[in-house]
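# Descriptive structure summary
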Amino acid sequence: EPVLSRIFAFEEFNPIQTQTFHELFKTDRNSLVLAPAGSGKAICGVFAILRMLSTNPEGVCVYVAPNAEIADPAFDQFKKIFGSLLRAGAVGKLLGESPADLKLLQTARVAVATIEQWDMLSRRWRSRKAVQRVSLIIFDELHFLGGNMGPTMEVVISRTRFMSNEMKSDDPAAAPVRIIGLGSPIANARDVGEWMGVQAKSLFNFSPKARASPVEIYFQSFEQSNYAGRLLAMGKPVFNAVDRHLDGKSAIVFVPSRRQAQLTAIDLMTFHRNQNQTFLGVSAGAEKVEAMASHMREAALQQVVMGGIGFVHAGMVLSDWNNILRLYQDGVIRVLVCPADLCWKIQCVAHLVVVMGTESYDGRESRHVDYPISDMIRMTGRHTPGSTGKCVILCHSSKKNTLKKLLYDPLPVESHLDSYLHDPLNAEIVSKSITSMQDAIDYLTWTLLYRRLSKNPTYYGLRGTSSAHLSEHLSEMVETVVGDLEESKCCKINDEGDLAPLNLGMIASYYYVQYRTIELISSSITAKTKIRGVLEILSASWEFSSLPMRFGEEKALKQLLRTLPHQPPDGTSFDSNTKALILLQCHFGRKSISADLRVDQETALKDSVTLVQAIVDVVSSNGWLKP
């Protein structure tokens, strides 16, 4: 296919792409491709899209990523790849607004979405023809099934299979929705494949060592039990690792926090200047670099750029962010220091990757927690294609063996849906996919949870693996969840076990709000609630419980609170919800806040839009809305 081959910027596929090509491009079967980071799995997804475009003139593909940091670069890549093949506007990105997204699906051939956006849109698939038109869905980074986004991802994939089966039952001539899964190697790939409807010959689970480009990984452990002391001890070893392995090429250093990014960049510059050297590229002109540095807003950034080092963080001014990344990609500066939580946002590659510590502070739990293993895999797979990369991991001595096992062996993946079943079940009750207790139990048989219950009974608290034990466990689970939903007034159940949605459940499902939040709104708001009360109810929503609490941030929040009109109730602890209350008031009062808080404020404001709409609907349903 000469026309199709011209869309690729390289002359030949790597071994992983070559082995999967026939299955993805020559057949319409569901497929699962699990390979190490940096193996070109995105191109495997392109094979399936090209198959759809060449065989189905009306086909629509939806690429689903766990978060926006993965979806945005994928959208840019697809626009570049398919720009010469498709008309303008044929590659689109969902916005999370149902009317606009449905309109986009009607005109696009390839749509990019986050898992939450597609979950929101596909919940009402029975009444949405645009969703039913989708013929190919690609789920990227499937190893996220074991993380925070795992339950949502599991629900969406299960719904896709259920939807395909129902559409096939209604119209036997209809082609089933093709499902493609991409991710890192996992230990129980066969179970995941069977759950996704993948045949054995369509399952590719490569070894974590089977990288397209080899990577040498070095571990350096530290005995210091104190976190701050351990980071301090890592300062010189980080420089030694960069100095030893850089080989005149590029390096990315991942650090635990924004503050540490600045400190590490200054340390690297200081150590290198003591040797009368810099990390500037060979072709970098000192005058040009000095001119660019003078236009940067942050004083520390101006200082380190002159030494060939740059750092980025989430609260950085956009112009500084773009300038630093451009200087790094052009080879003007050769070392980039980046907080670990931005590992999915930056798309840069490097010859050398240094991971300075494998823990970060979580203020919600008031302790230091390990990086998610998905982030570790991402960080260690950022190497320049076609050459041998190097990775140096500096960690606490007690974590060394665990990290080796997680990075060298396939990841075990278990379902967490049993702990997050309320909102998916409520959504299916609202869409009439579940109308009875038996329907709810049948719904669970489509999930990964059902397949793993008998394989790992101890993990899920089963008392046995027989059909009777399994049936009893599922029945208890459904009864508990439905009981909670009924208590929250999201649904009702009659004596025959029939389920029907109530108004609060419909509002929660429509606005993608947690059932606990809608229960809180309904029980707290009254006809006489004033602005202060609405703010307190809004900030107490469960959606804000994921806002990060950084080390030492409580002091800054208390100082801000003194200047705000609405104080939290007496005895309130400084948690994520109190932080949301402060950030929202700072927005309304146009108060100046730090860069980190500004990032959190943007997240809070984005979530607040649908929450306010849900509050308005609850108020309106009670007849309290007045012109």
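Right, let's walk through the structure included here. Everything numeric in this text was worked out from a predicted model, so none of it was measured. (Residues numbered from 1 in each chain as written. Predicted model: local features only at pLDDT ≥ 70, side-chain atom pairs only at ≥ 80, totals over all residues. Heavy atoms only, no water.)

If you trace the six strands from one edge of the open sheet to the other, you get β8-β15-β12-β9-β11-β10, paired in parallel fashion. Either end of the sheet is taken by a strand with one partner, and the two such strands are β8 (215-222) and β10 (309-311). Averaged over all pairs of adjacent strands, the angle between strand axes in this sheet comes to 15°, irrespective of strand direction. This element, helix α10 (residues 227-245), spans β8, β9 (251-255), β11 (335-339), β12 (352-356) and β15 (389-396) of the sheet and lies at about 175° to β12. (Pairing = 2+ DSSP bridges. Helix = DSSP H or I, 4+ residues; strand = E, 2+ residues; numbered from the N terminus. Axes fitted to C-alpha atoms, helices over the stretch in contact; angles between N-to-C directions. Contact = heavy atoms within 4.5 Å.)

Moving on, we get to the environment of D439. Of note, D439 is situated in helix α18 (residues 437-444). Take D439: its relative accessible area is 26%, and that puts it in the partly exposed class. Taking the C-alpha atoms as reference points, D439 and V481, separated by 42 residues in sequence, lie 14 Å from one another. (Buried < 20%, exposed > 50% of the residue type's maximum accessible area, 1.4 Å probe, protein only.)

Glancing now at empty space enclosed by the protein. Inspection of every chain in the model, using the stated rule, returns three cavities of 30 Å³ or more. Its volume calculated, the largest cavity comes out at about 110 Å³. Taken together, 13 residues line the largest cavity, and the ones lying closest to its centre are S184, P185, P208, I377 and L407. Contributions of two or more residues to the lining of the largest cavity are made by α15 (373-380) and α16 (400-408). Partitioned by chemical class, the residues of the lining of the largest cavity number nine nonpolar, two polar and two charged. Roughly 50 Å³ of volume is contained in the second largest cavity. S98, M120, R123, R124, R128, S509 and Y510 together form the lining of the second largest cavity. (1 Å grid on protein atoms, 1.4 Å probe; cavity = no way out; pocket = protein on both sides within 12 Å on 5 of 7 lines; lining within 4 Å. Points joined across faces, edges and corners; volume = space filled by probe spheres on them. Nonpolar A, V, L, I, M, F, W, Y, C, P; charged D, E, K, R; others polar.)

To find leftover empty space, a probe the size of one water molecule is rolled over the atoms. The computed volume of the second largest pocket comes to approximately 1,500 Å³. If you trace the second largest pocket, you find 43 residues lining it, with G38, G40, A42, Q77 and P385 closest to the centre. Of all the secondary structure elements, the ones that give two or more residues to the lining of the second largest pocket are α3 (41-55), α4 (68-82) and α15. If you tally residues by element for the lining of the second largest pocket, the top one is α4, at eight residues. Each residue belonging to the lining of the second largest pocket can be placed in one class, and the counts come to 20 nonpolar, 14 polar and nine charged.

Residues F82, W118 and V337 are the most contacted members of the largest nonpolar core, which totals 148 residues. Every residue in contact with W118, bar those within four places of it in the chain, is listed here: V62, V64, L94, L105, A113, V131, V134, I137 and V156. Counting residues in each nonpolar core, the second largest holds 48 residues, with A440, L444, L474 and I525 among its members. (Core = buried A, V, L, I, M, F, W, Y, C linked by side-chain atoms within 4.5 Å.)

A separate point is a nonpolar patch on the surface. Nonpolar side chains collect at one region of the surface, where V612, V616 and L625 lie side by side and expose about 230 Å² of accessible area between them. In this structure, V616 sits in helix α27 (residues 595-621). A relative accessible area of 37% places V616 in the partly exposed class. (Patch = residues over 30% accessible without salt bridge, like charges linked within 9 Å, V, L, I, M, F, W, Y side chains within 5 Å. Areas by Shrake-Rupley, 256 points an atom, 1.4 Å probe, with all protein chains shown as cover. Salt bridge = Lys/Arg side-chain N within 4 Å of Asp/Glu carboxyl O.)

Read these as spatial facts, not as claims about activity.
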